[in-house]
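# Structure assessment
Spelled out, the chains give:
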Amino acid sequence: MSTDLFQQAERFIHRCYRELGKTEQEIDERLAEIQVQIDKSNHYVHTYEELEYGAKMAWRQSNRCIGRLFWDSLYVFDYRETSSAEGVYDALCKHLNYATNDGKIRSTISVFKPRKHNQDPIRVMNHQLLRYAGYEEDGHIIGDPASIPFTKYCESLGWRGNKTAFDLLPWVIEVDGQDPVWYEVPRSLVKEVPLSHPDYEWFSNLQLKWYSVPIISDMMLEIGGIEYVAAPFNGWYMETEIGARNLADEFRYDLLPEVASKMGLDTRRNRSLWKDRALLELNAAVLHSFKEHGVSIVDHHTAANQFQLFEEKEHACGRSITGDWTWLIPPISPASTHIFHQSYDDTVKSPNFFYQDPPYE
């Protein structure tokens, strides 16, 4: 294990330090320090510079992300000294406040203590720091169906929601294998966007809304063999994530039939293309509303253009592009982007972000 860990550290340090313009002597000296740490404890500790650049590299190499042009702008909070649930809660509040920035969203990651000797010192059990609850009531679903299992888990811990369509779930934090602790998300830190449409006045009557910042909190950040199992991170939304997936998918809020009906479309026949037309207007509403409320968002055409620029910059730096085509193409009008007409190498490189099994199941 120690040999394997050193090899992973060695690969990371060589790449990281060379990209940072450090000398071969600095690389050798740092690897000697790491070797001593691994020999002593089968573990080593990243410097802040390594942690910061490693997190940026992980974003740059995230095959499913279309927004990688901005990888070098990621702000890294180092919370590796935080050791209590209350401390984690305070850190998450700071992350949410900094990232939201009154709507001018800032790409941010908060990194807590890594896994050590197969023990996870900190786990944030939420899928996202902001997420709406889902309830099953008398055969009907209220809220987000995707959240039903986690909502039930939160209820088993004593949390109770208001059973509306948009109840914010609490943060559930586990420290050193102790009983998880839940905290209500401070409402003063949450910027939600009420959804309206630029042309359809009735759209506001649907009373839809969505939160401003997508903060993924259940993935593991791996850098040079060190696994940060609690490392919430965010960018900003592409409108299709909300309008074409969260609100439109049949297994989520399933709003296409209602929107189509309000639009007066013929929902009895597929050839009327009612789903397509309703989907487009739902996305138009998301873009309009976020702009109206001063919240950062990108449309899928602009995002595709930005990804093309990212590809060009990476090639200019002599780095190969990896990507998961099935995730990079937008869920509406994919053939209108250059991504649809290309293929990508889906090789997973380190550093990177990895999925983890939910700790509450």
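Here's a quick rundown of the structure. On a predicted model such as this, the values are computed, not experimentally measured, just so you know.

On to the pairing of strand β11 (residues 220-223), then. Of the two faces of β11, the one carrying M220 and E222 and the one carrying L221 and I223 are both buried. Where β11 and strand β16 (residues 352-354) come together, 3 bridges link them in antiparallel fashion. Residue pairing for β16: M220 is matched across the bridge by F354. With 3 bridges connecting them, β11 and strand β12 (residues 226-228) associate as antiparallel partners. When the sheet's bridge partners are listed, I223 is paired in β12 with I226. Linking β11 back to β12 in an antiparallel pair, the connection comprises 2 residues, with G224 at a positive phi of about 55°.

Here the focus is the side chain of Q61. Take Q61: it is sitting in the loop between α3 (48-60) and β1 (75-79). Within polar-contact distance, the side chain of Q61 engages the side chain of R15 at 2.8 Å. Beyond its immediate sequence surroundings of up to four residues, Q61 is in contact with R15, R68, T322, K349, S350, P351 and N352.

A word on the side chain of N126. By the secondary structure assignment, N126 is in the loop between β3 (122-124) and β4 (134-137). What makes N126 buried here is its relative accessible area of 1%.

Further remarks concern the packing of aromatic side chains. Within a pair of aromatic rings, the relevant descriptors are the distance that separates the centres and the angle that separates the planes. Taken as a whole, this structure holds 26 aromatic pairs when the rule is applied. The interplanar angle of 10° and the centroid separation of 5.4 Å between the aromatic rings of F166 and Y253 together place this pair among those described as stacked. With F166 in the loop between α5 (148-156) and β6 (171-175) and Y253 in the loop between α6 (239-246) and α7 (256-263), the pair connects residues that are 87 residues apart, well separated along the chain. Residues F166 and Y253 agree in their burial class; the two are buried. Between F307 and F310, the ring centres sit 5.6 Å apart and the planes meet at 35°, which makes this aromatic pair tilted. One end of the pair is F307 and the other is F310, both in helix α9 (residues 300-316) and 3 residues apart, which spans about a single turn. Note on F307: relative accessible area 0%, which makes it buried. On the accessibility criterion, F310 (2% relative accessible area) is buried. Taken together, the ring pairs connect Y132, F166, W210, Y211, Y237, Y253 and F290 into an aromatic cluster.

Conventions used here
Residues numbered from 1 in each chain as written. Predicted model: local features only at pLDDT ≥ 70, side-chain atom pairs only at ≥ 80, totals over all residues. Heavy atoms only, no water. Buried < 20%, exposed > 50% of the residue type's maximum accessible area, 1.4 Å probe, protein only. Helix = DSSP H or I, 4+ residues; strand = E, 2+ residues; numbered from the N terminus. Pairing = 2+ DSSP bridges. Polar contact = N/O pair within 3.5 Å; in protein donor to acceptor, adjacent residues only side chain to side chain. Contact = heavy atoms within 4.5 Å. Phe/Tyr/Trp six-rings, centres within 6.5 Å; stacked < 30°, edge-to-face > 60°.

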